[in-house]
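# Structural features, examined
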Amino acid sequence: MNLPKLSALLIACGLVAGTPLARADWAQSADPLVVAAKPGSYQTQVQNPPTFSWARHPTGSGSYTLEIRQGATVVRSYTTDRTWYLPSTLLPNGNYTWRVRPASATDWSSERQFSISAVSKPFLVPENAALRTAVLARPRPRGLPTSVPAVSAWSAAMKAERGNALQGLSNEVLLQTGKLALSKDANWGLTASQPATAAFVQQQTSVRTQINLSGRQLEAAALLYRLTGDVRFLAEALRRGDELAALDPFGPTSYINQDQATRVIALSLSKALDYLGAALDAQRRTLWRDVIAARTGEIYKDLADANMRFDQLPYDSLRSTNLGYLTIIAALTLGDIPAATTWFDFSVRGYAASLMVWSGQEGGYSNGTAYAEYAADYALQIWPPLMQATGINLFNKPWSQGFLTFLMQFVPPGSKNHLFGDGQETAPEFRFMKAFASRFATPEAAWYARNLSGNEDNLTMLQAAYPLPQSSVTTAAPPANSAFFPGIGWAAMHSKMADLTRT
């Protein structure tokens, strides 16, 4: 066929860019900050079912139809008002294509191919209605494992595993009771400005430091009262809860002025409400709930505004963490705060679906190992109570298991510093990696946890289900001597992982 005829044919078919009938694949944005269209590239998925995601349609459509096919046969069809979808049922092994369109139009995206095989690990998350029913049926404290009874009922084995953590946290709380100053709005006189002044940045650091200490003291005291019944811990929990509840949700600790502080206040009050139960009087309970509602409402608004902003722009480490906080606050306060239903439906399944934003599905972490350490710390604060409240075990998500492999390969026992990204020059805090690994019942996780120095943080240890999963492993074994993480382009090669003096 000669060139003019070929060009005419392509134009007639609408395959030449710039012609009236041509159309771009709108599901994949040219903006690298917009969520990528996944899955695709004929990749075998590590998770069954995978999470589907796409860029917003240019019309700004508020609803989409997702279609999954095998050959010409439509095997699944879903409608969603988000630009992602996580099916709640497994896909049989096989090769698939998927496409998506606005629910009110026929502008289908390009088809993308993926496979489900024997290596694809099941990870099911029920739909929102079923999740809410399960949460509301869970007795208080809904965020604490039933395998962690009052200390008076601890077995000898449990005392051996957690006795030191109980004593250590008790000593910490009692020491801080007489030492830690109360937070007051009057301590901080500046408000947000653009550009931020040096004085305001310094104030943000001061607020974060103080609120982190007060929030931990509240959470720890409430937990210790729940475990021991010691009224000294109840008195301190009430004192600290009242301290944080007295801070203006729209003042210097507000979301706009210090979002890290406002999320800590909201979460620590939520956990305290869950742990203290009937020990709280009605007036105090109402006040704390109102504060949680005001602060968490600002977090939700920031993530959901502008037509579900965060769905489209997920590459934001601060908002990614805020989504996790919103998720657990919603789960703990569902049924107590009216707005928690909206928060819950927005965040819980989205958080479970989106954990691989900083990597490919294999579990890498592109921001470097220091930030991966921080991610492990946040996971230990959010995932265990979320599992108890909802039944969603994020440690079982295939991405999470790959993330543990990433930590083992790039922060192995004996590492002197982190790798790549911000904080690469710092020494690892192995207690976070040790704790994260202890939540997996695999020989490799047991090897990693048992060969890392230090002890897990006392607070997360006392909130963990008993026994720790890694303690059930009888024979620990090191991971492979090498690993490749194509999603971030990292490869690890060790002379011998079992040798702590490895190259």
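See the structure above.
We now turn to the structure provided with this report. (Residues numbered from 1 in each chain as written. Predicted model: local features only at pLDDT ≥ 70, side-chain atom pairs only at ≥ 80, totals over all residues. Heavy atoms only, no water.)

This next bit is on the packing of aromatic side chains. Aromatic rings in a pair are described by how distant their centres are and how their planes are angled relative to each other. For the structure on display, the rule yields 26 aromatic pairs. For the pair Tyr365 and Phe403, a centre-to-centre distance of 5.6 Å together with 50° between the ring planes defines the contact as tilted. Of the two residues, Tyr365 sits in the loop between α9 (340-353) and α10 (369-390) while Phe403 sits in helix α11 (residues 398-410), which places them 38 residues apart along the sequence. Here Tyr365 and Phe403 have matching classes, each one buried. One aromatic cluster in this structure is built from Tyr365, Trp383, Phe395, Trp399, Phe403, Phe406, Phe410, Phe420, Phe436, Phe440, Phe485 and Trp490. One Lys or Arg, Arg99, reaches over the ring of Trp108 and ends 3.9 Å from the middle of that ring. (Phe/Tyr/Trp six-rings, centres within 6.5 Å; stacked < 30°, edge-to-face > 60°. Helix = DSSP H or I, 4+ residues; strand = E, 2+ residues; numbered from the N terminus. Buried < 20%, exposed > 50% of the residue type's maximum accessible area, 1.4 Å probe, protein only. Lys NZ or Arg CZ within 6 Å of the ring centre and 35° of its normal.)

Moving on to the pairing of strand β7 (residues 94-102). Counted residue by residue, β7 has eight buried out of nine residues, so it is predominantly covered. The sheet contact formed by strand β4 (residues 64-70) and β7 spans six bridges and is antiparallel. Bridge pairing in β7 places Tyr64 opposite Pro102. Relative to strand β8 (residues 112-116), β7 runs antiparallel, the two being bridged by five bridges. Residue pairing across strands places Asn95 opposite Ser115, the latter belonging to β8. (Pairing = 2+ DSSP bridges.)

This part is about the pattern of salt bridges. Under the criterion given, the structure shown has 26 salt bridges. The salt bridge partner of Arg140 is Asp336, with a shortest N-O separation of 2.4 Å. With Arg140 in the loop between α2 (128-137) and α3 (156-177) and Asp336 in the loop between α8 (317-333) and α9, this pair connects stretches of sequence that are 196 residues apart. According to the relative accessible area criterion, Arg140 is partly exposed, its value standing at 32%. For the salt bridge of Asp230 with Arg232, the shortest nitrogen-to-oxygen distance reads 2.8 Å. (Salt bridge = Lys/Arg side-chain N within 4 Å of Asp/Glu carboxyl O.)

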